Amino acid sequence: GAGVSQSPRYKVAKRGQDVALRCDPISGHVSLFWYQQALGQGPEFLTYFQNEAQLDKSGLPSDRFFAERPEGSVSTLKIQRTQQEDSAVYLCASSARLAGGSDTQYFGPGTRLTVL
Amino acid sequence: AQRVTQPEKLLSVFKGAPVELKCNYSYSGSPELFWYVQYSRQRLQLLLRHISRESIKGFTADLNKGETSFHLKKPFAQEEDSAMYYCAPNVPGDSGGGADGLTFGKGTHLIIQP
């Protein structure tokens with residue numbers, strides 16, 4: 001079956017621009033996660049949704065970062081007024097159950113954001 | 001604060017040699033522990049999880065609560081094992097940012113030489 005998909009795969013933005021990154025989780029998966037992976041680092045947790053409810057956004061680095069999942073399926077991560085330090089790969093993952101991070105997570109291919 | 005340490009950024013071994021990728025964590029409580037792997041040009045995927053106690057692709061990982069370690073081992077490395085490996089604990093109920101997401105180590109790049 002289809003896995004997690006993300007779009008765009010690559011995004012180049014000028015500093016100060018707003019960007020929107022999309023994630024299509026595996027159909028029927030309840031939990032959805034966003035991670036940020038800087039070059040040479042492991043992924044870092046940003047936020048977590050259970051259906052349409054955003055239960056944990058403690059990892060969002062600033063109020064320029066905003067995520068939503070209005071119908072409990074597709075999710076969008078928006079970054080306003082991008083800065084160079086936002087350059088990273090943004091990973092989306094989904095899992096089938098309500099168990100949060102303790103369930104197996106299935107990752108998308110990521111969106112590589114480069115801010116010039 | 002939650003911490004995951006993978007001390008080796010790069011590990012190179014010859015085919016057929018044993019492999020051990022180290023992972024140490026610092027948490028209060030009982031984390032659930034995972035190893036994720038990313039092969040070249042592929043997405044991050046689960047390799048194994050402690051709770052299932054299964055061996056995947058010949059890899060095993062033993063939780064040592066006394067040493068707070070969860071090292072990944074394989075007795076005979078194969079060339080297709082070359083990849084990035086991430087140790088990732090999850091501590092349910094921790095409101096410090098890792099409650100629902102995984103906390104990944106920085107990863108170890110394993111290279112298997114022919």
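Residues numbered from 1 in each chain as written. Chains lettered and ligands numbered in written order. Predicted model: local features only at pLDDT ≥ 70, side-chain atom pairs only at ≥ 80, totals over all residues. Heavy atoms only, no water.

## Notes on the overall build of chain A
Okay, step 1: When helices and strands are tallied, chain A shows zero helices and 11 strands.
Okay, step 2: When its helices and strands are written in sequence order, chain A yields β-β-β-β-β-β-β-β-β-β-β.
Okay, step 3: A compact globule built from 116 residues would reach a C-alpha radius of gyration of about 13 Å, and chain A, at 13 Å, matches this within 12%.
Okay, step 4: Projecting the C-alpha coordinates of chain A onto the three principal axes gives extents of approximately 40 × 25 × 25 Å.
Okay, step 5: Classification of the 116 residues of chain A by burial places 49% in the buried group. (Helix = DSSP H or I, 4+ residues; strand = E, 2+ residues; numbered from the N terminus. Rg over C-alpha atoms; globule rule 2.2 N^0.38 Å. Buried < 20%, exposed > 50% of the residue type's maximum accessible area, 1.4 Å probe, protein only.)

## Focus on the state of the cysteines
Residue and element names in this part refer to chain A.
Okay, step 1: One pass over the structure, following the stated rule, counts two disulfides over all chains.
Okay, step 2: A sulfur-sulfur distance of 1.8 Å marks the disulfide that ties C23 to C92. What sets the handedness of the C23 and C92 disulfide is the S-S torsion sign, and at about -65° it is left-handed. Of this pair, C23 sits in strand β3 (residues 19-24) while C92 sits in strand β9 (residues 88-95), and the two are 69 residues apart along the sequence. C92 matches C23 in its accessibility class, with the two residues each being buried. (Disulfide = S-S within 2.5 Å.)

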